[in-house]
Amino acid sequence: MLRPKGAASKKASIPPDISATRGVSSWKEAAVWLQSRGIEDIECITPDLAGVPRGKMMPTSKFTSNTSLALPSALYRHTISGEYPEETGNFRYDSRDSDIKLVPDLSTLSVVPWETDPTAQVICDIVGTEGEKVSYTPRNVLKNVLSLYEEKGWKPVVAPEIEFYLVAVNDDPDYPLHPPKGRSGRSIVGGQGYSIAAINEFDELIDDIYHFSAAQGLEIDTLIHEEGPAQLEINLRHGDPIELADQVFLFKRTIREAALKHGIYATFMAKPMQGQPGSAMHIHQSVVDKNTGRNIFSNPDGSPSKEFFHFIGGMQKYVPSSLVMMAPYVNSYRRLTPDMACPVNNAWGYDNRTTAFRVPVSDAAARRVENRLPSSDANPYLALAASLGCGYLGICNAIEPTEPTHDSANEGSIELPRGLLEAVALMEAEPDFATVFSQGFIDIYAGVKRGEFETFMQVISPWEREFLLLNV
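Source: prediction; values computed, not measured.

Novice: Teacher, can you tell me more about the overall build of the protein chain here?
Specialist: A count of helices and strands for the protein chain gives 14 helices and 14 strands. The C-alpha atoms of the protein chain give 22 Å as radius of gyration, which agrees with the globular expectation for 472 residues (23 Å, within 12%). The burial tally for the protein chain puts 55% of its 472 residues in the buried class. Once local pairs closer than 6 in sequence are excluded, the contacts in the protein chain between residues at least 24 apart make up 72%. When the accessible surface of the protein chain is split by element, carbon and sulfur atoms take 51% of a total near 21100 Å². Looking at charge distribution, the protein chain has the averaged site of its 43 positive side-chain charges lying 4 Å from that of its 61 negative ones.

Here it is as structure tokens:
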């Protein structure tokens, strides 16, 4: 990784036990870590249902004095537009509008490199006021899924790939987005997949992404230009699902800040531009034995195991019902359309990018399943929880997959929900999800998504003005 300017000289003066760029193991170390860097303020953040950072900012002295940090529980019941939807189905508000508490995870402590004043950040878990578990927050939903694996003696390993667009500043939402100008003074056009020249158009911005990432202890594996105009993809190293969800959570913020520094926007909308490919968050997944580290997707002789096939079977059976956790907005389903470089099926295959669940070419130790359905607008904690939860159910219920698809899987009918309300209804109707994701989460999430759909329905689109205004 690239090192920010001046990092080497400052690091030499920091005691070895708190020299790490990211994370400490105790409050005592946290105090020394913050003091040695001259940190004045700290942001205590946590992802809401949309993956937006929420929390509190305070002076460092307050943070290290064991201050209790509370937030209203209603924070997890508002829509992406900040509204509080009507109670529907099993969606209800807390009658007391009670507090929930932020509990800093000190392993996530890092600097905020784009701030002008010395500032740090820490990701927080959520508990009740008495320390009780709160099941419906995104980090806790993922932790619950991981606990089910742990009970079996397993540990999932994941590697996300996040696509996003760079777009010119757009201060009027009535106007379509368009690509920004690069260093050549011209806007990037489509069809630049894997083009180094297209990446070089934004060299200074990409340097800042690397510098900001290195300062936070975030490691980028590779960066490429995708097919869309000024569409980039960042691949992350494989690892623990919570750590990788944390990284995606912070990467989104980092990339947006780096883009703003250069006078452009970075967007993780699933389908920001009409006629262009959407942006995905592909998830590579495998499962290892906790004690031996052996990939349970492979038998000792290197052949695929029954767990491997059952994991795929679970993805095929349950992912359509959990798709709303991977495609959470009305815009997400604009990406899931035929002929736009995105699977619209429930098939699997070996090294077949037209299938929803692709098995990349690998040796037995690295055998994995790539879920190609999640969009980049998804909350990473919920997308990982959904994908791993479906695979877990497949293994536990010994669900057999279909035969692998060898040709294009996108030529038949669409095998997925076509819109947000259909996806919400499927999630609510699946009884096996109550244990995996918690009934409390399902009820709240479904209510929020219905509220977002109703807000969307209040907006009249250009298509309606174009074709209905004078024709009906």
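Having seen it, we continue.
Novice: What am I meant to see in helix H10 (residues 380-396) here?
Specialist: Given 3.6 residues to a turn, an α-helix orients residues that are three or four positions apart in the same direction. With 17 residues, H10 extends 24 Å from end C-alpha to end C-alpha; this agrees with the ideal 24 Å at 1.5 Å per step. Counted residue by residue, H10 has 16 buried out of 17 residues, so it is predominantly covered. For H10, the N-terminal cap is Asn 379; the gap from its side-chain oxygen to the backbone nitrogen of Tyr 381 is 3.0 Å. Ala 398 occupies a position one or two residues after H10 and carries a positive phi of about 50 degrees.

Novice: Sorry, what's going on with the pattern of salt bridges here?
Specialist: Side chains carrying opposite charge are able to pair once their charged atoms draw close together. The final tally for this structure, using the stated rule, is 18 salt bridges. Across the pair Asp 351 and Arg 358 runs a salt bridge whose closest N-O atoms are separated by 2.9 Å. For Arg 358, a relative accessible area of 7% translates into the label buried. Measuring nitrogen to oxygen at the nearest pair gives 3.1 Å for the salt bridge that ties Glu 370 to Arg 372. Through salt bridges with shared partners, one network takes in Asp 105, Asp 125, Arg 139, Lys 143 and Asp 246.

Novice: When you look at empty space enclosed by the protein in this model, what are you seeing that I'm missing?
Specialist: Over the atoms rolls a probe the size of a water molecule, and its path tells where empty space is left. By the definition in use, this model includes 2 cavities of 30 Å³ or more. As a volume, the largest cavity reaches approximately 80 Å³. Lining the largest cavity are 13 residues, and of these Asp 48, Ala 50, His 78, Thr 79 and Ile 80 lie nearest its centre. Of all the elements, helix H13 (residues 439-456) adds the most residues to the lining of the largest cavity, at 3 residues. Partitioned by chemical class, the residues of the lining of the largest cavity number 6 nonpolar, 2 polar and 5 charged. When its volume is computed, the second largest cavity comes out at roughly 30 Å³.

Novice: Is there a simple way to explain the packing of helix H4 (residues 138-151) against helix H7 (residues 241-261) in this structure?
Specialist: To describe two helices that pack against each other, one gives the angle between their axes and the distance between the axes. Packing of H4 against H7 brings their axes to within 10 Å, and their N-to-C directions diverge by 155 degrees. On the basis of the axis angle, H4 is roughly antiparallel to H7. Seen from above, H4 lies across H7 with right-handed handedness. Residue-level contacts link Arg 139, Leu 142, Lys 143 and Leu 146 of H4 to Pro 241, Ile 242, Ala 245 and Asp 246 of H7. Residues that form the contact of H4 with H7 fall into these classes: 5 nonpolar, no polar and 3 charged.

Novice: Explanation requested: the packing of aromatic side chains in the structure shown.
Specialist: For any pair of aromatic rings, the description consists of the separation of the ring centres together with the inter-plane angle of the planes. All told, the structure shown has 20 aromatic pairs when counted by the stated rule. When the centroid spacing of 5.7 Å and the interplanar angle of 65 degrees are considered together, the rings of Phe 297 and Phe 308 count as edge-to-face. Of the two residues, Phe 297 is situated in the loop between strand S11 (281-289) and helix H8 (306-322) and Phe 308 in helix H8; the sequence distance between them amounts to 11 residues. Each member of the pair, Phe 297 as well as Phe 308, carries the same accessibility label: buried. Aromatic side chains Phe 308 and Phe 309 sit 5.1 Å apart centroid to centroid with 70 degrees between the ring planes, which places their arrangement in the edge-to-face category. By relative accessible area, which is 0% here, Phe 308 ends up buried. Under the relative-accessibility criterion, Phe 309 is labelled partly exposed at 25%. Following the ring pairs from residue to residue traces out a cluster consisting of Phe 297, Phe 308, Phe 309, Phe 311, Trp 348 and Tyr 350. Against the face of Tyr 136 rests Arg 77, its NZ or CZ located 5.2 Å from the ring centre. Here the basic side chain of Lys 317 rests over the ring of Tyr 318, its NZ or CZ set 5.3 Å away from the ring centre.

Novice: Honestly, the packing of helix H11 (residues 420-429) against H13 in this entry has me stumped. Any pointers?
Specialist: For the pair H11 and H13, the least separation of the axes is 10 Å and the interaxial angle reads 165 degrees. Compared by their axis directions, H11 and H13 come out roughly antiparallel. Considering the relative orientation of H11 and H13, their crossing is left-handed. Taking contact as the criterion, the partners of Leu 420, Leu 421, Val 424, Met 427 and Glu 428 in H11 are, on H13, Ile 442, Tyr 445, Ala 446, Lys 449, Arg 450 and Phe 453. Taken together, the residues that form the contact of H11 with H13 break down as 8 nonpolar, no polar and 3 charged.

Novice: Help me understand the pairing of strand S6 (residues 119-128), please; the structure alone is not making it clear to me.
Specialist: Where a strand is regular, its side chains alternate between the two sheet faces. Burial within S6 is extensive, with 10 of its 10 residues counted as buried. Strand direction decides the pairing type here: strand S1 (residues 41-47) and S6, joined by 5 bridges, are parallel. Paired with Glu 43 across the bridge in S6 is Gln 121. Where strand S5 (residues 110-111) meets S6, 2 bridges bridge the pair, whose relative direction is antiparallel. Residue pairing across strands places Ser 110 opposite Gln 121, the latter belonging to S6.

Novice: What exactly am I supposed to notice about the pairing of strand S8 (residues 220-225) here?
Specialist: Here 5 bridges tie S8 to strand S9 (residues 231-236), and the two strands are oriented antiparallel to one another. By the bridge assignment, Leu 223 is partnered in S9 with Ile 234. Linking two consecutive strands that pair antiparallel, namely S8 and S9, is a turn of 5 residues; a positive phi of about 60 degrees is found at Ala 230 within it.

About the thresholds
- Residues numbered from 1 in each chain as written.
- Predicted model: local features only at pLDDT ≥ 70, side-chain atom pairs only at ≥ 80, totals over all residues.
- Heavy atoms only, no water.
- Helix = DSSP H or I, 4+ residues; strand = E, 2+ residues; numbered from the N terminus.
- Rg over C-alpha atoms; globule rule 2.2 N^0.38 Å.
- Buried < 20%, exposed > 50% of the residue type's maximum accessible area, 1.4 Å probe, protein only.
- Contact = heavy atoms within 4.5 Å.
- Areas by Shrake-Rupley, 256 points an atom, 1.4 Å probe, with all protein chains shown as cover.
- Lys, Arg positive; Asp, Glu negative; His and termini not counted.
- Charge placed at Lys NZ, Arg CZ, Asp CG, Glu CD.
- Expected span 1.5 Å × (residues − 1).
- Polar contact = N/O pair within 3.5 Å; in protein donor to acceptor, adjacent residues only side chain to side chain.
- Salt bridge = Lys/Arg side-chain N within 4 Å of Asp/Glu carboxyl O.
- 1 Å grid on protein atoms, 1.4 Å probe; cavity = no way out; pocket = protein on both sides within 12 Å on 5 of 7 lines; lining within 4 Å.
- Points joined across faces, edges and corners; volume = space filled by probe spheres on them.
- Nonpolar A, V, L, I, M, F, W, Y, C, P; charged D, E, K, R; others polar.
- Axes fitted to C-alpha atoms, helices over the stretch in contact; angles between N-to-C directions.
- Parallel < 35°, antiparallel > 145°, perpendicular 65-115°, else oblique.
- Left-handed = near helix turned anticlockwise from the far one by under 90°.
- Phe/Tyr/Trp six-rings, centres within 6.5 Å; stacked < 30°, edge-to-face > 60°.
- Lys NZ or Arg CZ within 6 Å of the ring centre and 35° of its normal.
- Pairing = 2+ DSSP bridges.

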